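Examination of the molecular architecture
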Amino acid sequence: MDVHATVPLAKPAGTIPAGSLATLRRKAAGCRDCPLWRGATRTVFGKGPAHAAAMLIGEQPGAQEDLAGEPFVGPAGHLLDKAMVEAGLDRSTLYLTNTVKHFKYEVRGKAKLHKRANASEQAACRQWLAAELLRVQPRLVVGLGAMAAQTLFGDAFRITLQRGEWRDMGEGVRGFATWHPSAVLRMPRADRRDAAYAELVTDLREIAAALAGLGGDTNTSS
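What this report covers is the structure whose coordinates are included nearby. Given the structure is predicted, the values throughout are model-derived calculations rather than measurements. (Residues numbered from 1 in each chain as written. Predicted model: local features only at pLDDT ≥ 70, side-chain atom pairs only at ≥ 80, totals over all residues. Heavy atoms only, no water.)

A word on the overall build of the protein chain
Defined as follows: In DSSP terms, a helix is any run of H or I states spanning at least four residues, a strand is any run of E spanning at least two, and both are numbered starting from the N terminus. Throughout, the radius of gyration refers to the C-alpha atoms, and the reference size of a globule is 2.2 Å times the residue count to the power 0.38. Only protein chains enter the accessibility calculation, which uses a 1.4 Å probe; a residue whose area is less than 20% of its type maximum is buried, one above 50% is exposed, and one in between is partly exposed. Whether two residues touch is decided by their heavy atoms; if any such pair falls within 4.5 Å, the residues are in contact. The Shrake-Rupley method, run with a 1.4 Å probe, gives the accessible areas here. Residue values count only the displayed protein chains as cover. In summary, the charge assignment counts Lys and Arg as positive and Asp and Glu as negative, without counting His or the chain termini. Where a charge lies is defined by one atom per residue type, namely NZ (Lys), CZ (Arg), CG (Asp) and CD (Glu).
Scanning the protein chain for helices and strands turns up eight helices and seven strands. The C-alpha atoms of the protein chain give 16 Å as radius of gyration, which agrees with the globular expectation for 222 residues (17 Å, within 12%). In the protein chain, which comprises 222 residues, the share counted as buried stands at 50%. Excluding contacts between residues fewer than 6 apart, the proportion of contacts in the protein chain whose partners are at least 24 apart in sequence is 75%. Working note: accessible area of the protein chain is about 10200 Å², and carbon and sulfur atoms make up 52% of it. For the protein chain, the separation between the mean place of its 29 positive charges and that of its 22 negative charges on side chains is 6 Å.

Structural data, given as structure tokens:
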């Protein structure tokens, strides 16, 4: 890992762990830097090619991700898969991860309902996202949802106003943010869900076009 490389995050990450993706995944599995590990089944680390040209960053794992130990395998992941197919993106060429690596929830009856990680929990977990960015060194970075967008671009960023706007992130890296598929699923009105989904597909097509401009540059899987 190039310790001199700049991490394209608006929010600081503190000490950044070193090592290959396999090493980082193993280290993250033993992380106890915030309380979220206590209620989680396992750490949900990122997945994808070790030098993917594009990284998609979500917010935090859900219940199905917690059980599988992989990002974007639940309902939001299925919607994202559908949108990527429509946009002409091959998931196997992308690195997918989350800002927070453990499932946070509150229990209601027998159900575990998603609960947003607070600022200190996000800060404690940011070291792993920074390490992934340094290791993978993607040329294109996409924040899915407000948590990821503000981690990348700062607290003033608003998805509703700045969605799909390309930003120079330094070191030859460009990025933008778009809807998180779970936010699309939660929209109560069908017409708004349809519109947000169409916007998500449009934004992912931007990534597909940008990747084509790079020659679809991806390397071996992690």
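A short note on the pattern of salt bridges
Applied cut-off: Between Lys or Arg on one side and Asp or Glu on the other, a salt bridge is scored when a side-chain nitrogen of the former is within 4 Å of a carboxyl oxygen of the latter.
Scanning the entire structure with this criterion turns up ten salt bridges. When the shortest N-O distance is used, the salt bridge between Lys 11 and Asp 155 registers 2.7 Å. Of this pair, Lys 11 sits in the segment before α1 (21–29) while Asp 155 sits in the loop between α5 (146–153) and α6 (159–162), placing them 144 residues apart in sequence. Judged by relative accessible area, which is 17%, Lys 11 ranks as buried. Glu 132 is the partner of Lys 101 in a salt bridge, and the nearest nitrogen-oxygen pair spans 2.5 Å. Here Glu 132 lies in helix α4 (residues 119–136) and Lys 101 lies in the loop between β2 (95–98) and β3 (105–108), a separation of 31 residues in the sequence. Classification of Lys 101 by relative accessible area gives buried; the value is 1%.

Quick notes on the nonpolar core
Our working definition: What we call a nonpolar core is a set of buried Ala, Val, Leu, Ile, Met, Phe, Trp, Tyr and Cys residues that are connected through their side-chain atoms within 4.5 Å.
Grouped together as the largest cluster of nonpolar side chains are 65 residues, with contacts concentrated most on Leu 56 and Leu 204. In contact with Leu 56, other than residues within four places in its own chain, are Leu 80, Met 84, Leu 94, Tyr 95, Leu 96, Thr 97, Val 142, Leu 144 and Leu 204.

Remarks on the packing of aromatic side chains
For any two aromatic rings, the description comes down to two numbers: the centre-to-centre distance and the angle of the planes. Operational definition: Pairing of aromatic rings covers Phe, Tyr and the six-membered ring of Trp, with a centre-to-centre limit of 6.5 Å; geometry is then stacked below 30 degrees between planes, edge-to-face above 60, and tilted otherwise. Only when the NZ of Lys or the CZ of Arg is both within 6 Å of the ring centre and within 35 degrees of the ring normal is a charge said to sit over the ring.
Tallied over the full model, the rule gives three aromatic pairs. Between Phe 153 and Phe 157, the aromatic rings sit 5.3 Å apart at their centres with planes inclined by 35 degrees, giving tilted as the arrangement. Judged by relative accessible area, which is 15%, Phe 153 ranks as buried. The cationic tip of Arg 167 hangs over the ring face of Phe 153; the distance from NZ or CZ to the ring centre is 5.2 Å.

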